[in-house]
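# Geometric and topological summary
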Amino acid sequence: MAHAVKAEPYAFAFEPRSTALLIIDMQRDFVEPGGFGEALGNDVSLLRKAIAPTRRVLAACRKAHLTVIHTREGHRPDLSDLPPSKKARGRLKTGIGDRGPMGRILVRGEYGHDIIDELKPAPKEPIIDKPGKGAFYATDLETILKSRGIRQLVVCGVTTEVCVNTTVREANDRGYDCLVLEDCVGSYFPEFQAAALAMVKAQGGIFGWVGHSKDFIAALVNRSARQR
Ligand code: TIU
């Protein structure tokens, strides 16, 4: 393998050609007031810490020509892909599909459903629209990864214990090696952030690896420099 990032439980080996950056659900509905995250009773400011380091990782990956993939959680405007159980969950006064300050909550095409300006996808970066928490469920993510020969995923986004964790578990079962960047993922609950990261790397890396954006960027930049 071409290069290694300092990580836990041990170094994460990756080859830039077969590695994708996967940014999970950095949508206004989760990180800005007035969306789904806040409707669930959460303080969205806790997630915003992940924005700046993720921006740096995104810039480094673009410079090194890595595949970059973005995901968004949300539903069709007619809500035909919204399971009644998900609609009912939480007994919310304003829930999925209802009108909020940023448009209909978690509905595709609405302002709140889209990715924040700081991490705006570039024109050729695939965006995966997913109805569930995992990015593989009911999407073409695996087809895209296979067609590009991707074997390793570097994962950022929100929330650590929900969509990030679900996606990493799905990826692990499909044979992908995942490195979760601890400063580029965020949770509304500090104790869940710690536990979700611990779960990934326990038992010899049962789901994957946990590392820091600085170490990943350093490995990527050194690698690119050596290739020149
Ligand atoms: N509520 C919560 O923590 N997360 C979600 O509903 N979706 C994602 O994690 N993207």
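This report concerns the structure included in the present document. (Residues numbered from 1 in each chain as written. Predicted model: local features only at pLDDT ≥ 70, side-chain atom pairs only at ≥ 80, totals over all residues. Heavy atoms only, no water.)

With that settled, consider the overall build of the protein chain. Each helix and strand in the protein chain was counted, giving eight helices and 11 strands. For the protein chain, the C-alpha radius of gyration of 17 Å lies close to 17 Å, the compact-globule estimate for 228 residues. In terms of overall dimensions, the protein chain has C-alpha extents of about 55 × 35 × 30 Å along its principal axes. Out of the 228 residues in the protein chain, the part that is buried amounts to 54%. When the accessible surface of the protein chain is split by element, carbon and sulfur atoms take 53% of a total near 10,500 Å². Across the protein chain, the 33 positively charged side chains and the 27 negatively charged ones have centroids separated by 4 Å. (Helix = DSSP H or I, 4+ residues; strand = E, 2+ residues; numbered from the N terminus. Rg over C-alpha atoms; globule rule 2.2 N^0.38 Å. Buried < 20%, exposed > 50% of the residue type's maximum accessible area, 1.4 Å probe, protein only. Areas by Shrake-Rupley, 256 points an atom, 1.4 Å probe, with all protein chains shown as cover. Lys, Arg positive; Asp, Glu negative; His and termini not counted. Charge placed at Lys NZ, Arg CZ, Asp CG, Glu CD.)

Within the secondary structure layout, Thr19 lies in strand β4 (residues 19-24). A relative accessible area of 0% places Thr19 in the buried class. A distance of 3.0 Å separates the side chain of Thr19 from the side chain of Gln152, its partner in a polar contact. Among all residues touching Thr19, those that are not within four sequence positions of it are Phe14, Leu66, Thr67, Ile150, Gln152 and Val154. (Polar contact = N/O pair within 3.5 Å; in protein donor to acceptor, adjacent residues only side chain to side chain. Contact = heavy atoms within 4.5 Å.)

Here we come to the site of the ligand. All residues adjacent to the ligand are Asp25, Phe30, Phe36, Leu40, Glu73, Lys133, Val158, Thr159, Val162, Cys163 and Tyr188. Glu73 places a side-chain nitrogen or oxygen 2.9 Å from a nitrogen atom of the ligand. Isolated, the ligand exposes 280 Å² of accessible area, and the fraction of that covered by the protein chains is 93%. A breakdown of the residues in the shell around the ligand according to their chemical character gives seven nonpolar, one polar and three charged. (Near = heavy atom within 4 Å. Nonpolar A, V, L, I, M, F, W, Y, C, P; charged D, E, K, R; others polar.)

For helix α6 (residues 160-173), built from 14 residues, the straight-helix expectation of 20 Å at 1.5 Å per residue is met to within 8% by its first-to-last C-alpha distance of 18 Å. Contacts from the buried residues of α6 go to β4, β5 (67-73), β8 (127-130), β9 (152-158), β10 (177-186) and α7 (190-205). Among the residues trailing α6, Gly175 stands out with phi positive, at a value near 95°. (Expected span 1.5 Å × (residues − 1).)

Core analysis: the biggest nonpolar cluster contains 39 residues, and Leu21, Val57, Leu179 and Phe216 have the highest contact counts within it. Contributing elements (two or more residues each) for this core: β3 (12-14), β4, α1 (28-31), α3 (51-63), β9, β10 and α8 (213-227). Ignoring anything within four residues of it in the chain, the contact list for Leu21 reads Val57, Leu58, Cys61, Thr67, Val68, Ile69, Val154 and Cys156. Core analysis: the next-biggest nonpolar cluster, separate from the first, contains 25 residues, Leu22, Ile24, Val155 and Val168 among them. (Core = buried A, V, L, I, M, F, W, Y, C linked by side-chain atoms within 4.5 Å.)

Glancing now at the packing of α6 against α7. For the pair α6 and α7, interaxial distance at closest approach is 10 Å and the crossing angle is 10°. What the angle tells us is that α6 and α7 run roughly parallel. Contacts between α6 and α7 involve Thr160, Glu161, Asn165 and Arg169 from the first element and Phe192, Gln193, Ala196, Leu197, Met199 and Val200 from the second. (Axes fitted to C-alpha atoms, helices over the stretch in contact; angles between N-to-C directions. Parallel < 35°, antiparallel > 145°, perpendicular 65-115°, else oblique.)

Okay, the pairing of β5 next. For β5, the tally of buried residues reaches seven of seven residues, placing the bulk of the element in the interior. Residues Thr67, Ile69, Thr71 and Glu73 of β5 are buried on one face, and the alternating residues Val68, His70 and Arg72, pointing to the opposite face, are buried as well. With four bridges connecting them, β4 and β5 associate as parallel partners. Residue pairing in the sheet places Leu21 in a bridge with Val68 of β5. In this sheet, β8 lies alongside β5 in parallel orientation, the contact comprising four bridges. Within β8, the position partnered with Thr71 by the bridge is Ile128. (Pairing = 2+ DSSP bridges.)

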